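Analysis of the macromolecular model
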Amino acid sequence: MVNLIGKNKVGGVRLRALLVVEGVWKRFGDRDVVRDVSLLVNEGEIVSLLGPNGAGKTTLLKIITGVLRPDSGRVLIKGLSPEDLKARALVGFCPQEPGLIDDLTGLENMMFYARLQGLDGKNVVKRVEGLLKIMGLSGDMGKLVRKYSGGMKKKLGLAATLIHDPEILILDEPTTGMDPGVRREVWRIIQQEKRSGKAILIATHYMEEAEALSDRVYIIDQGRIVASGTPSELKSKYAPPSVIEVELYRLPENADATLKDLGLRYTVHEDKLRVHSSDVDRDVPRLVALIHENGGAVKILRVTEPTLEDVFLKLTGRGLES
Amino acid sequence: MKWCRVKAFFISGLKTTFRDRASIFWVFIWPIILVFMTAYVFIPPSVGQPLTLDMGVVNYDHSEAPFNGTAFIEVLKIIEYNGTKLFNVRVYEDEDLLLGDLTKGELDVGIVIPSGFGNNLTFSQAKLKVYVSGGNVYSIQVNRAMVSEFLRRFSIEAGLRKVEMSLRYMNMSYVPSKIPTQGPWGDIGFLKFIRNYMLGLVEPINVTIIEKVPEALATRPAVIGWYVIGALGMMMLYTGFIIGSTAIVEEKERGSLDRILSTPVKESEMLAGRSLAGLIVLLLSSLAIVITGVYAIGAKIDWNPLSVTDWLVPLNLIMIGLMTIGIGYMLSLLARTSRGASSMGTTLGLILSFTAGVWFPKEWMPAPMRVLADMFPITWALDTIRDIVVFNIGLGEALTGTVRNVIATAAIFAVGVIAYKKTLRKYAEL
């Protein structure tokens, strides 16, 4: 078991960990679904749990929220066990299935979850209406949820998670099944919540989501955390170098000798140049300058950066969608 | 326990029930249909009234006697019992035509009056041929019994008249000297003695049959009242079982259980909210059944808000509700899907309705099966309600039954609560 609290420093700044998971195991039958998982989420931080379907993300989130009990290990929510009702009041959990009641309206669903959090009365109705407005659901709050689209249900589920203004948000695949427009809208709301100081843990199998939102990423495969770090740390450590593709009006004179000066791996094919770089910010200006200095002219320059998908592929030998 | 959390489950439970068409049907429409069926199918308006049989008659008698076949047919046409005609008489030309209609099921009974019937009735012994339609065992028994009883009574009446006529023509000089006209009956004189003797030949035993039913069930409204309470019990059984057995699995299926379990809600708050919602649904349905029973089909259900005894009725209804929901929670341990839980609740509810003295009187059942009815606490509570509203028992008796029901309810609901918590924990330990 790893003691994470003592290690919770970034750049010498001690962070306030709101959620700590230490050495958690969970077995269903003869299969270990979660294996010795440790992680932490700090105040004002978005952490992603990135892994393919069936990696154990949902089970881990259920353990963190106290829905399931771990076989061993522990979860601390501001130092409290998730079984402690005080700890549960600090958490807002949005499961993969939004967990809404189809025969209630949007407003009634919100009031149901508000009451479960111990909130009732006119002020709560105002807060509910405010949240529904933020989610763009004001006009539909009187409609039965069974008439909502999948995206609307997801947004309502997220609104219900925010009803008691929790310090920790646990979101399981928050944008699955959403169209790109709605997905970006939800990302905007999540980032807004981060700015208000919430600790946010997102389980996702979308690498773009993890990259776009996360301060840190835990990569999970077959119940085990196989790597963690900021997206750029993970990519620089595990992903192949970026590829700079350049289409030229004309090649620089003595192209081979010129490019060798860069010290990078490259290929030249007719008027196209392909350069592998582990530091794009440094190498792109150097490459362009060198081409121009040697009489070449750039027509199009395209940089293909590695993704977390590449990181996952490198670590597990499989893609995230597999 | 925080009320607003209980309220969350209470309000959502009520709203989801009243917005679901299937629930509305099973909780309100079906019991009301059952109440109407009680009044018009199981206990039709004709119950307690004599049947009227369709009778075909062939008359081959054309004798000159004062009471012949034609006069007999007139009697058949006008004879009544309690204001109801006993026979719809249709006269046939010959026996073959009569038999044709009888075998087609158009007649219940056929009578063939042979030639010489009138003369034989007056001076000898008359004969009649009677056919009884045999559609089913029940109808053949009823038709046979009715026509036999009528002919037996008619035969006795004819015999009595023959005695009166015989005495009118008896010559007093024929009086034998040794006939005892004195005895335990006193000195009644020879003629009266002979008359009594001949009456005894016609009808050796004059039987008086008196129908005696419990005063409370003596009327059709009271019988309907008994069954309306039965319909209420049946609804409570299957609905309560379904409410209890689907409570957790339904939340699990719609994905709301994970979210609920992640909130600071206590098991006791969930349980209280759900049970309260279920109880209100059951009580509203019971009210609808009773109102329909009393005002639409005339059931005798006496309830006086000024009577302390009558206030034990709602208390016993609450007991039944809690017991059925409690048993439902026990069933939830076995439920894997809400559809399975619902089917299990309905099946068990209907079986117990018919076997535990809820819908059918337990006296109708074979002795070994009565044991279940005698030991089933829901039947105890229903019988207490029947005792109060149909049989009008006193406070002492009602209170004794109610105390027993309260104890049984506490025990059953407590086991239900344990089962509910175990089901929740089973889910968390998955």
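Residues numbered from 1 in each chain as written. Chains lettered and ligands numbered in written order. Predicted model: local features only at pLDDT ≥ 70, side-chain atom pairs only at ≥ 80, totals over all residues. Heavy atoms only, no water.

**Re the overall build of chain A**
When helices and strands are counted, chain A shows eleven helices and 15 strands. Along the longest, intermediate and shortest principal axes, the C-alpha atoms of chain A span 75 × 50 × 40 Å. Out of the 322 residues in chain A, the part that is buried amounts to 52%. Taking the intrachain contacts of chain A between residues at least 6 apart in sequence as the baseline, contacts between residues at least 24 apart amount to 68%. Taking the 47 positively charged and 44 negatively charged side chains of chain A as two groups, their mean positions are separated by 5 Å. (Helix = DSSP H or I, 4+ residues; strand = E, 2+ residues; numbered from the N terminus. Buried < 20%, exposed > 50% of the residue type's maximum accessible area, 1.4 Å probe, protein only. Contact = heavy atoms within 4.5 Å. Lys, Arg positive; Asp, Glu negative; His and termini not counted. Charge placed at Lys NZ, Arg CZ, Asp CG, Glu CD.)

**So, the interface of chain B and chain A**
With 29 residues of chain B at the interface, the matching set in chain A holds 35 residues. Summed over both sides, the interface of chain B with chain A buries roughly 2,800 Å², with 57% coming from carbon and sulfur. For the chain B face of the interface with chain A, the top three residues by lost area are R19, R259 and P264 of chain B, together amounting to 25%. Taken together, the connections running from chain B to chain A amount to four salt bridges. Between E108 of chain A and K15 of chain B there is a salt bridge; the shortest N-O distance is 3.0 Å. Counting across the interface, chain B meets chain A through twelve residue pairs in polar contact (both at pLDDT 80 or more). Going through the elements one at a time, helix 1 (3-18), helix 9 (256-261) and helix 15 (395-428) of chain B are the ones with two or more residues in the side of chain B that touches chain A. For the side of chain B that touches chain A, the leading source of residues is helix 1 of chain B, giving nine residues. Across the side of chain B that touches chain A, the residue classes tally to eleven nonpolar, six polar and twelve charged. (Buried area = accessible area lost by both parts, 1.4 Å probe. Salt bridge = Lys/Arg side-chain N within 4 Å of Asp/Glu carboxyl O. Polar contact = N/O pair within 3.5 Å; in protein donor to acceptor, adjacent residues only side chain to side chain. Nonpolar A, V, L, I, M, F, W, Y, C, P; charged D, E, K, R; others polar.)

**A short note on the pairing of strand 1 (residues 53-59) of chain B**
Residue and element names in this part refer to chain B. Counted residue by residue, strand 1 has six buried out of seven residues, so it is predominantly covered. Where strand 1 lies against strand 5 (residues 109-113), five bridges are found, and the strand directions are parallel. Bridge pairing links V58 to V112 in strand 5. (Pairing = 2+ DSSP bridges.)

**Considerations on the pattern of salt bridges**
All chains considered together, the criterion is met by 43 salt bridges over all chains. Taking the shortest distance from any N to any O, the salt bridge between E108 of chain A and R19 of chain B comes out at 2.5 Å. Taken together, the residues span two chains, with E108 of chain A in helix 3 (residues 106-116) and R19 of chain B in the loop between helix 1 and helix 2 (21-42). The partly exposed category is assigned to R19 of chain B, whose relative accessible area is 33%. One salt bridge connects K155 of chain A with E185 of chain A, and the closest N-O pair in it is separated by 3.6 Å. Here the residue K155 of chain A occupies a position in helix 5 (residues 150-162), and E185 of chain A occupies one in helix 6 (residues 180-195), the gap between them amounting to 30 residues. Classification of K155 of chain A as buried rests on a relative accessible area of 9%.

**Structural notes on the sheet that holds strand 9 (residues 199-204) of chain A**
Residue and element names in this part refer to chain A. Pairing is mixed across the open sheet formed by six strands, whose spatial order is 7-8-9-5-10-11. The sheet is open, and its two borders are formed by strand 7 (91-94) and strand 11 (224-229), each paired with just one other strand. The sheet shows a mean angle of 15 degrees between the axes of neighbouring strands, taken without regard to direction. Where strand 10 (residues 216-221) lies against strand 11, five bridges are found, and the strand directions are antiparallel. By the bridge assignment, I220 is partnered in strand 11 with I225. Contacting strand 5 (46-50), strand 8 (168-172) and strand 9, helix 6 crosses the sheet at an angle of about 150 degrees to strand 9. (Axes fitted to C-alpha atoms, helices over the stretch in contact; angles between N-to-C directions.)

**Remarks on the environment of M111 of chain A**
In this fold, M111 of chain A is placed in helix 3. Setting aside residues up to four positions removed in sequence, M111 of chain A forms contacts with D120, V124, V125 and V128 of chain A.

**Points about the domain arrangement of chain B**
One can read the domain layout of chain B as domain 1 (19-43 + 216-429) and domain 2 (53-174). Measuring from the centre of the C-alpha atoms in domain 1 of chain B to the corresponding centre in domain 2 of chain B gives 54 Å. (Domains from an automatic or database assignment.)

**With respect to unusual backbone geometry**
Residue and element names in this part refer to chain A. Residue D36 is not a glycine yet carries a positive backbone phi of 50 degrees. By the secondary structure assignment, D36 is in strand 4 (residues 31-42). Not every positive phi belongs to a glycine, and E270 is a case in point at roughly 50 degrees. Residue position: E270 is located in the loop between strand 13 (265-269) and strand 14 (272-277).

**Digging into the sheet that holds strand 5 of chain B**
Residue and element names in this part refer to chain B. In space, the four strands of this open sheet follow the order 4-1-5-6, with mixed pairing throughout. The open sheet has two edge strands, strand 4 (87-92) and strand 6 (129-132), and neither has a second partner. Pairs of neighbouring strands in the sheet enclose a mean axial angle of 20 degrees, with direction left out of account. In terms of strand pairing, strand 1 meets strand 4 through six bridges, oriented parallel. Paired with V58 across the strands is Y92, a residue of strand 4.

**Section: empty space enclosed by the protein**
Tallied over the entire structure, the rule returns one cavity of 30 Å³ or more. Its volume calculated, the largest cavity comes out at about 70 Å³. For the largest cavity, the full set of lining residues is V91, G92, F93, Y113, Q117, A160, T161 and H164 of chain A together with R259, S262 and T263 of chain B. Listing elements by their share of the lining of the largest cavity, those giving two or more residues are strand 7 and helix 5 of chain A. When residues in the lining of the largest cavity are grouped by element, the largest group, three residues, is from strand 7 of chain A. Taken together, the residues of the lining of the largest cavity break down into four nonpolar, six polar and one charged. (1 Å grid on protein atoms, 1.4 Å probe; cavity = no way out; pocket = protein on both sides within 12 Å on 5 of 7 lines; lining within 4 Å. Points joined across faces, edges and corners; volume = space filled by probe spheres on them.)

**Focus on helix 12 (residues 338-355) of chain B**
Residue and element names in this part refer to chain B. The end-to-end C-alpha separation of helix 12 is 25 Å, in line with the 26 Å expected for 18 residues at 1.5 Å each. Along helix 12, the residues that are buried comprise S338, A341, G345, G349, L352, S353 and T355. Packing partners of the buried residues in helix 12 comprise helix 8 (220-254), helix 11 (312-332) and helix 13 (367-375). Note on helix 12: the residue one or two positions beyond its end, G357, has a positive phi of about 75 degrees. (Expected span 1.5 Å × (residues − 1).)

**Quick notes on a nonpolar patch on the surface**
Residues and elements named next belong to chain B. There is a patch of nonpolar side chains on the surface, built from F18, L284, L287, I291 and Y295 and spanning about 530 Å² of accessible area. Of the residues forming the nonpolar patch, the biggest block, four residues, is contributed by helix 10 (residues 267-296). Secondary-structure assignment places L284 in helix 10. (Patch = residues over 30% accessible without salt bridge, like charges linked within 9 Å, V, L, I, M, F, W, Y side chains within 5 Å. Areas by Shrake-Rupley, 256 points an atom, 1.4 Å probe, with all protein chains shown as cover.)

**A few points about a positive patch on the surface**
Residue and element names in this part refer to chain B. Positive charge collects at one region of the surface, where K252, R336, K422 and K426 lie side by side. Mapped onto the secondary structure, K422 falls in helix 15. Under the relative-accessibility criterion, K422 is labelled exposed at 54%.

**Digging into the environment of Y60 of chain B**
Residue and element names in this part refer to chain B. Considering the arrangement of structural elements, one finds Y60 in the loop between strand 1 and helix 3 (69-78). The exposure class assigned to Y60 is partly exposed, which follows from its relative accessible area of 31%. In this structure, the C-alpha to C-alpha distance between Y60 and S115, residues 55 residues apart in sequence, is 4.8 Å. When neighbours within four sequence positions are excluded, Y60 is seen to be in contact with E93, D94, E95, V112, I113, P114 and S115.

**Description of the side chain of R386 of chain B**
All names here are of chain B. For R386, the position within the fold is in helix 14 (residues 377-389). Polar contacts involving the side chain of R386 include one to the side chain of D383, which spans 3.2 Å. Leaving out residues up to four positions away in the same chain, R386 has contacts with W226, I229, G230, G357, V358 and F391.

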